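So you can see what is in the structure, the chains are spelled out below.
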Amino acid sequence: MTRRRGFTLLEVVVASALLGVVGLATLAFLSAFAQGAAARSRISDPALEGTLALERLRALAPQLRCTLGTRDDLAALWLSDNVPSRSVHLSELGWVRFDSEAGDVLLERIDPVALATDRELETAFARDEDFLAVRDDALRAGILTSAILAEGLSGVAIIAAKGGAPVELQFETESASARIALSPVAPEEPLR
Amino acid sequence: MRSFPNHSLRGSAVLLALAAVAIATLLGLSLAASRDTNLATSGNLAKAAAARAAASGAVEIAIEMLNDPSTLEDSTGVLFESFQIGDTTVRATALDLATGLPAGADARAVEIAVEANCGGIAQTTRAVGRVTSPNIAHEADLDCSEFALLATETLSIEGDALVGIWKRSPLAVLAEPVSFGLASGTRTGLSIDSRASTHGCVMLLNGAFAGDDDDADDDLSEKVFLLPAEIQVLRAPLPPPHEIAGKSEREADDSDDVFQLEGILARDITLHGDARVPARSSIAMRGTQALDISGNLHVERGASVRVESPTTIIVRGNLVIDACAIEVFPGATLSMVVLGDTTVDASYLGGERSDAAEDRDASGGAAYDGGATRLSIFVCGDKRVAVSEGSVFKGELYAPEGRIEIESRSAVYGRILGAEIRLKAGAALFYDPTLDTARGWKNAESGIWTAGGTVQPALRQISTLDAESLATFAEASDVTPEFVPILTVGKEKSHRRDRLRALAERARSLLAAQAQLRSNGVLRFYSLGFDTMQREND
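Residues numbered from 1 in each chain as written. Chains lettered and ligands numbered in written order. Predicted model: local features only at pLDDT ≥ 70, side-chain atom pairs only at ≥ 80, totals over all residues. Heavy atoms only, no water.

Student: How should empty space enclosed by the protein be read in this particular structure?
Tutor: Any empty space left between atoms is shown by rolling a water-sized probe over those atoms. Residue and element names in this part refer to chain B. Counted according to the given criterion, the structure contains five cavities of 30 Å³ or more. The volume enclosed by the second largest cavity comes to roughly 70 Å³. Along its surface, the second largest cavity is lined by Leu261, Val277, Ile283, Met285, Leu291, Leu297, Val299, Val305, Ile313, Ile326, Leu334 and Met336. For the lining of the second largest cavity, the elements supplying multiple residues, two or more each, are strand S16 (282-285), strand S18 (297-299) and strand S23 (334-338). Of the residues contributing to the lining of the second largest cavity, the split by class is twelve nonpolar, no polar and no charged. (1 Å grid on protein atoms, 1.4 Å probe; cavity = no way out; pocket = protein on both sides within 12 Å on 5 of 7 lines; lining within 4 Å. Points joined across faces, edges and corners; volume = space filled by probe spheres on them. Helix = DSSP H or I, 4+ residues; strand = E, 2+ residues; numbered from the N terminus. Nonpolar A, V, L, I, M, F, W, Y, C, P; charged D, E, K, R; others polar.)

Student: What am I meant to see in the sheet that holds strand S2 (residues 74-78) of chain A here?
Tutor: Two orientations exist for strands paired in a sheet by backbone hydrogen bonds: parallel and antiparallel. Residues and elements named next belong to chain A. Spatial ordering of the open sheet is given by S1-S2-S4-S5-S7, a layout of five strands whose pairing is antiparallel. The open sheet terminates on both sides in strands that have one partner only, identified here as strand S1 (66-71) and strand S7 (144-150). Within the sheet, the average angular offset between the axes of one strand and its neighbour, ignoring direction, is 25°. As paired elements, strand S4 (residues 93-99) and strand S5 (residues 104-110) share six bridges and run antiparallel to each other. For Gly94, the partnering residue across the bridge sits in S5 and is Arg109. Against the sheet, helix H2 (residues 46-60) contacts S2, S5 and S7, and its axis sits at roughly 140° relative to S7. Sitting on the sheet, helix H4 (residues 131-141) touches S1, S2, S4, S5 and S7, and the angle it makes with S4 is about 80°. (Pairing = 2+ DSSP bridges. Axes fitted to C-alpha atoms, helices over the stretch in contact; angles between N-to-C directions. Contact = heavy atoms within 4.5 Å.)

Student: I'm lost on a negative patch on the surface in this one. Help?
Tutor: On the surface, a cluster of negative charge is made up of Asp212, Asp214, Asp215, Asp218 and Glu222 of chain B. In this structure, Asp212 of chain B sits in the loop between strand S10 (201-206) and helix H3 (213-221). (Patch = residues over 30% accessible without salt bridge, like charges linked within 9 Å, V, L, I, M, F, W, Y side chains within 5 Å. Areas by Shrake-Rupley, 256 points an atom, 1.4 Å probe, with all protein chains shown as cover. Salt bridge = Lys/Arg side-chain N within 4 Å of Asp/Glu carboxyl O. Lys, Arg positive; Asp, Glu negative; His and termini not counted. Charge placed at Lys NZ, Arg CZ, Asp CG, Glu CD.)

Student: Any chance you could explain the nonpolar core here in plain terms?
Tutor: All names here are of chain B. Among the nonpolar cores identified, the biggest contains 65 residues, and Leu149, Leu261, Leu297, Ile416 and Leu423 are the most heavily contacted of them. Top contributing element to this core by residue count: strand S28 (residues 392-406), with five residues. Among residues more than four places away in sequence, those in contact with Leu149 are Leu155, Ile157, Val163, Ser179, Phe180, Gly181, Ile416, Ile421, Leu423 and Leu429. The next biggest cluster of nonpolar side chains, apart from the first, holds 30 residues, and it includes Trp441, Trp449, Val455 and Leu459. (Core = buried A, V, L, I, M, F, W, Y, C linked by side-chain atoms within 4.5 Å. Buried < 20%, exposed > 50% of the residue type's maximum accessible area, 1.4 Å probe, protein only.)

Student: What is the right way to look at the environment of Arg192 of chain A in this model?
Tutor: Along the chain, the position of Arg192 of chain A falls in the segment after strand S10 (177-181). Measuring from C-alpha to C-alpha, the distance between Arg192 of chain A and Ala126 of chain A comes to 5.5 Å, with 66 residues separating the pair along the chain. Contact partners of Arg192 of chain A, with chain neighbours within four places excluded, come to Arg86, Ser87, Phe125, Ala126 and Arg127 of chain A together with Ser221, Glu222 and Lys223 of chain B.

Student: Honestly, helix H5 (residues 467-477) of chain B in this entry has me stumped. Any pointers?
Tutor: Owing to its 3.6 residues per turn, the α-helix aligns residues three or four sequence positions apart on the same side. Turning to H5 of chain B, its buried residues number three or more, namely Ala467, Ser469, Leu470, Ala471, Phe473, Ala474 and Ser477 of chain B. Looking one or two residues beyond H5 of chain B, the residue adopting positive phi is Asp478 of chain B, at roughly 65°.

Student: Help me understand the layout of surface pockets, please; the structure alone is not making it clear to me.
Tutor: Residues and elements named next belong to chain B. Approximately 950 Å³ is the volume found for the second largest pocket. Along its surface, the second largest pocket is lined by 31 residues, and Arg108, Thr373, Thr434, Thr437 and Glu482 are the ones closest to its centre. Breaking the lining of the second largest pocket down by element, the ones donating at least two residues are S23, strand S26 (375-379) and S28. For the lining of the second largest pocket, the leading source of residues is S26, giving three residues. When its residues are assigned to classes, the lining of the second largest pocket shows twelve nonpolar, nine polar and ten charged.

Student: Looking at this structure, I do not really get the packing of aromatic side chains. What am I missing?
Tutor: Both the distance between ring centres and the angle between the ring planes are used here to describe each pair of aromatic rings. All names here are of chain B. For the structure on display, the rule yields eight aromatic pairs over all chains. Look at Phe209 and Trp449: their rings are 5.2 Å apart centre to centre, the planes differ by 80°, and that puts the pair in the edge-to-face class. Here Phe209, found in the loop between S10 and H3, pairs with Trp449, found in the loop between strand S30 (428-431) and helix H4 (457-460); they are 240 residues apart in sequence, far enough to count as distant. Through successive ring pairs, a cluster of aromatic residues spans Trp166, Tyr368, Tyr413 and Phe430. The aromatic ring of Phe225 is capped on one face by Lys442, whose charged end is 5.4 Å from the ring centroid. (Phe/Tyr/Trp six-rings, centres within 6.5 Å; stacked < 30°, edge-to-face > 60°. Lys NZ or Arg CZ within 6 Å of the ring centre and 35° of its normal.)

Pasting the structure below:
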């Protein structure tokens, strides 16, 4: 009868130690990946985040005309003159807003379905209208839709135009900050 | 007995350790590879910026090329390709906006699409605009189809009625204002309810043409369009006298016969009496060029009329279309000339519906389905036209002496011209900009206007939109007008066709004579900006 010889104690100890080390290393790597993925969205270069946000804004609103008003976390934009009039209409408005709870920068617009459903919703505004308050009214009416421009930011400040300088967005992460000009190069202001 | 150790189990720990080390190595390499994400993103952004700049420059080049109309002759739509701007390769194409096909010499509005590729990062930019004919001073469109609503006496937009653009029209991207008003260019007789929606519309008023783009913008912001003279609205073309011609055509006694139309109509028909399409029946007009009815035509409830070839229906009595559908198939047109009253109740009239489930959509979102160019109704004389009960009419309504009422949630997708027009509460008009040939009253460079900015005197000498009057105008003014081809049964048909053919030939010769002027073409383009298609390694 053949007697089966098992592993020696030393072999088992060495193998267990190796597996333990490799297992710990693997866990550490996986943990690092998981943390890295989240961290990259928070600790990435704010200048890149800002540039990407503007790229997305250009894609969503390729005919952006000008900035109509700002406050700390909100900028009102004239996205286009799709209702040909050289004046601002509700359907042409958009707002860039920083959601501090989620860390997201959003582009908010009027829901086109709401505009199609209620033909009296469309409104022509004078150029001195309070377009920031218009957004609050639209929010209360439940006719806003939003798209994410940037996420994972610790703070975004909207810096009003001064002395010919354009409106700027200051993107802040945990380790750095960067400013990006929001206004188009050649803004077209409403005529009335 | 001597025992031997089990060699097959020995060394397992080493293998396990090697496998673990391999996994760890892969993980390490992956981690190393992922650390330059930001670097890759920066590179992509730089390439995207380069591609975008190149695309923007290439659009300017393409517009310059289109300033020479010969560019589009024998064109496959590709303006240039594999063109290098710095490190970026660009390709530019031109599409006819009206057809969606590669732009040819007859394209009136085009879309330029430029694709720029820099190191695998692609950017596309588009621009749209109208192509002004180099021969524009010798061309004219006299049917006022550039106006969404044009009245010669009174125009009333009541309640929450709406006038706007048909957003499904391929030329809606031009974002041109919709024009409405009185032919006299005054506000007298014009009534617009404060609840009415006329966003994106301009009112026609007397005044000087805008001198430049700034003036035009100022006028637009004031919601007006200024014309230096009163518009001369031509009367609808009268059909030739009704007569039974030849034994081969269906004929009837001089009685109160009511003819029943059913099945397939495949030849010209003249009916002496009234005609009806029975309720819930179906007819197809396939090869019928003209149907001439001396009395009334009643298309009854639930009936379906399919028009599959270019057709003219002349109704010398009243036209009643009641809760039914008249669909004009691709490649076909339907011109109806009505000498009596016209009533359209709860019906659909327009192109063949691509969505069979679409019934009557008065919201402005109705499918384009060939647009408003397939169907025209000409009303002769001081008659009444009523479109009601949620009807949808996709086409042109031309009743320069008629009284038109659009009511009860009905919608017209196209345009309306009448003496008195009432757009009642709930009704809507969605203008189809493909109707605007840019050769009409709104274009100061068209053949309607003289070099001095006055109306061609020859135009004041004619009063009807028929081939004979237009030919008179063409001969007197050296301007080729656009024709409204209405086919009729009878002796005059061949004569009119000959006239049309001769005038078309004249137009061609004029175009050839003006070939030298091609370099003077003027384009106005509106940038649509960029569609970002770059990859982001975020």
